[in-house]
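The primary structure of each chain is shown beneath.
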Amino acid sequence: MSDTNIVIGAGITGLTAAITLQNAGKKVIVVEASERPGGRLVRIERNGDAAEAGGQGIHSNYRDMLGLIRAEGLSGDLMPQLNHQAGHLNRQGALCYPKGNLGLAKLMGPRGTRDLAWFVTRYLVLSKKFDLFESSVDIPAYDNATAAEAFSWAGDEFRDYVLRPSAHAMSNTTPEFTNFYFLLNLMKLVATTKVMTLRHGNVSIAEHLAKKLDVRYGIGAKKILTNKGKTEGVLLEDGKALTARHVILTAPMNCAAEIIPDDLVAEQRFFSEFPNSPFVLVYFFLDRPLPTEAFVYVGHAFRDVAFNMALNHTVKTPHLVRSGKAIISAWSSFPKSGELIGKPDSEVIQQALNEIEVFFPGISRWVEEARVQRHHWGIARLSPGQHGKILEFKRNVEALSGISFAGNDYDGVHMESGVRGGLRAAQRALKHN
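Figured I'd write up the structure that's included with this text.

Conventions used here
- Residues numbered from 1 in each chain as written.
- Predicted model: local features only at pLDDT ≥ 70, side-chain atom pairs only at ≥ 80, totals over all residues.
- Heavy atoms only, no water.
- Pairing = 2+ DSSP bridges.
- Helix = DSSP H or I, 4+ residues; strand = E, 2+ residues; numbered from the N terminus.
- Axes fitted to C-alpha atoms, helices over the stretch in contact; angles between N-to-C directions.
- Parallel < 35°, antiparallel > 145°, perpendicular 65-115°, else oblique.
- Contact = heavy atoms within 4.5 Å.
- Nonpolar A, V, L, I, M, F, W, Y, C, P; charged D, E, K, R; others polar.
- Buried < 20%, exposed > 50% of the residue type's maximum accessible area, 1.4 Å probe, protein only.
- Phe/Tyr/Trp six-rings, centres within 6.5 Å; stacked < 30°, edge-to-face > 60°.
- Lys NZ or Arg CZ within 6 Å of the ring centre and 35° of its normal.

**Brief notes about the sheet that holds strand β1 (residues 4-8)**
Strand order in the open sheet formed by five strands is β10-β2-β1-β14-β20, and the pairing between neighbours is parallel. Edge positions in the sheet fall to β10 (215-217) and β20 (403-405), since each has one partner strand and no second. On average, each strand axis in the sheet is tilted by 20 degrees relative to the strand beside it, whichever way the strands run. In terms of strand pairing, β1 meets strand β2 (residues 27-32) through five bridges, oriented parallel. Note on β2: the bridge partner recorded for Asn5 is Val28.

As C-alpha cells, then:
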C-alpha cells in the first residue's frame, strides 16, 4: 500500500489538510485542476493595485484560521477594515449614509426600528445555539423555512434596509432562495465580529502554504479509485493513477460530484443535488480617486436589479490599492446571477455599469478597464431542509474507508469553516494512517 496521502483541491481547505498532514510527518500530494492555489480566494490585480475578488474578510472569531495564520508567521500581515459605513438608496433613489444604529433607525422609521429590535432580541440574543462554522445540529424551525418565510412578520422597512441587503451581501441570493438557518448564521457573524484582510490579499495565505507543499497544478482528478468499498487512489485526467493511503476530497461540490466513484451512490447524489448560487462580479478600475463615505452600497429599498450592491475597494482595503485610484466592484445575486453566468463579458459589464451608476454618478466616464470575475460554483445555497441532509451525509461518510470529505460549502461557507474542515479531515486521515 502507498504511504502517500492525496488531497484533491488547493483551496484553503485542501491546503490546510495538506500542511497538517505534512507537519505530522506524512507524505502528501495535492492535485489542483487550475494553475493557481486558493480556489475561491482570488486577488484581482492591475498596475500594482489589487482587490479581493472572492473571500472578502477574515473575521475576528476565525479561531482556527487565525491560528493557521499565526503558525505560518503571517500575523503581522493582518489589516483591520476601518470603514464599516454603508450607503443605502432610499425609496426615492437618493443616497443616504445612516450613522450607526440611530442613523439606521431614522432611515427605517418607527416600524422598521421595532422590527430590528425584535430581530436582535429574538434571534441574536435569545436564538437557539448552533456552531457558526460547522453544521453539527439540525434545528427544524430554522432549517425548514426560507428566510423570507421566517421574516414574514417584518414590515417593508426591515426587509428592504436589513434583510434583503444582508442576503445579497452575505449569501449572494435573495431571502426567498435560502433557508433561515443559513442567513441567520451569516447575520450573527457580521453583527458580532470585526473584519480583517491580509496585507497582500486573502489568497496570500494559500500562496504561502502552497509553496511549502507538493502541489501539482493543471492536473484534474477524474475519479477516485475504490476496491471492495475501500478507497485506493485517484485517477487523473491525463490517465495516470496515483495510489494513496488516504484521499481527502475538497474540490467544489459540482466537481466533487464527478470525481466520487459510482459505488458511493448516496455521497454522489448529495454533491450533485446540492443547491448553488453562481456568482458574477464586475470590477471597474477608475482613472481617479473616488472619495466616498461608505465602502458598500445597496439599493434594495429603491429597486430590484441584478447588480444591486457595489463595493469601493479603495475605501474597504486601501492597503491593496497603492495608487489611490478607485476600484469599484458590482455584485450580482441569485437568481439573477444565474442569468448572467453565461452572458458575454461585454453584456455583463454594460449591465453592471448601468445598474451601479446610481451609486456613483458619472462612473462610466472614468473607467480605464473593466473585468468580469465568474465563480461558476459561487456559494452553496442552503435551501429548506438542507441542514438535515448535511448531517445525514456526515454520519454516512464516517463509515467509509480511506477517504475523507472537507469543504466550507456544507459547514457555513466561511473561510473558517474550510480551515476547520481541513483540520478535521487531516486528523481523520492521521487516525487511519
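**Thoughts on the sheet that holds strand β11 (residues 221-227)**
The strand order across the open sheet formed by three strands is β11-β12-β13, and the pairing between neighbours is antiparallel. Each edge of the open sheet carries a strand with a single partner, namely β11 and β13 (241-243). Sheet twist, expressed as the mean angle between neighbouring strand axes with direction ignored, is 30 degrees. The sheet contact formed by β11 and strand β12 (residues 230-236) spans six bridges and is antiparallel. Directly across from Lys223, in β12, lies its bridge partner Leu235.

**So, the packing of helix α6 (residues 156-171) against helix α7 (residues 180-192)**
Interhelical geometry of α6 versus α7 gives an angle of 90 degrees and a closest axis separation of 10 Å. By the angle between their axes, α6 is roughly perpendicular relative to α7. In this structure, α6 uses Val162, Leu163, Ser166, Ala167, Met170 and Ser171 to contact α7, whose residues at the interface are Phe182, Leu183, Leu186, Met187 and Val190. Among the residues forming the contact of α6 with α7, the class breakdown is nine nonpolar, two polar and no charged.

**Observations regarding the pairing of β1**
Burial within β1 is extensive, with five of its five residues counted as buried. Side chains Thr4, Ile6 and Ile8 of β1 all project onto a buried face; the interleaved residues Asn5 and Val7 project onto the opposite face, where all are buried too. In the sheet, β1 pairs with strand β14 (residues 246-249) via four bridges, with the strands oriented parallel. Residue Ile6 lies in a different strand from β14, and its bridge partner there is Val247.

**Observations concerning the packing of helix α2 (residues 63-71) against helix α15 (residues 415-432)**
The geometry of α2 relative to α15 is characterised by a closest axis approach of 7 Å and an angle of 75 degrees between their N-to-C directions. The orientation of α2 relative to α15 falls into the category roughly perpendicular. For the pair α2 and α15, the contacting residues are Arg63, Asp64, Met65 and Leu68 in the first and Met415, Glu416, Val419, Arg420 and Leu423 in the second.

**Details of the packing of aromatic side chains**
The final tally for this structure, using the stated rule, is 30 aromatic pairs. Note on Phe119 and Phe158: the rings are 5.7 Å apart at their centroids and 50 degrees apart in plane angle, and the pair reads as tilted. Residue Phe119 is found in helix α3 (residues 100-125), and its partner Phe158 is found in helix α6; the two are separated by 39 residues along the sequence. Considering the side-chain rings of Phe270 and Tyr410, the 6.1 Å spacing of their centres and the 70 degrees angle between planes classify their relative orientation as edge-to-face. Of this pair, Phe270 sits in helix α10 (residues 265-272) while Tyr410 sits in the loop between β20 and α15, and the two are 140 residues apart along the sequence. For Phe270, a relative accessible area of 11% gives the class buried. Its relative accessible area of 4% is what places Tyr410 among the buried residues. Through a chain of ring-to-ring contacts, the aromatic side chains of Phe119, Tyr123, Phe130, Tyr142, Phe151, Trp153, Phe158, Phe180 and Tyr181 assemble into a single cluster. Sitting over the face of the ring of Phe130, Lys188 holds its NZ or CZ atom 4.8 Å from the ring centroid.

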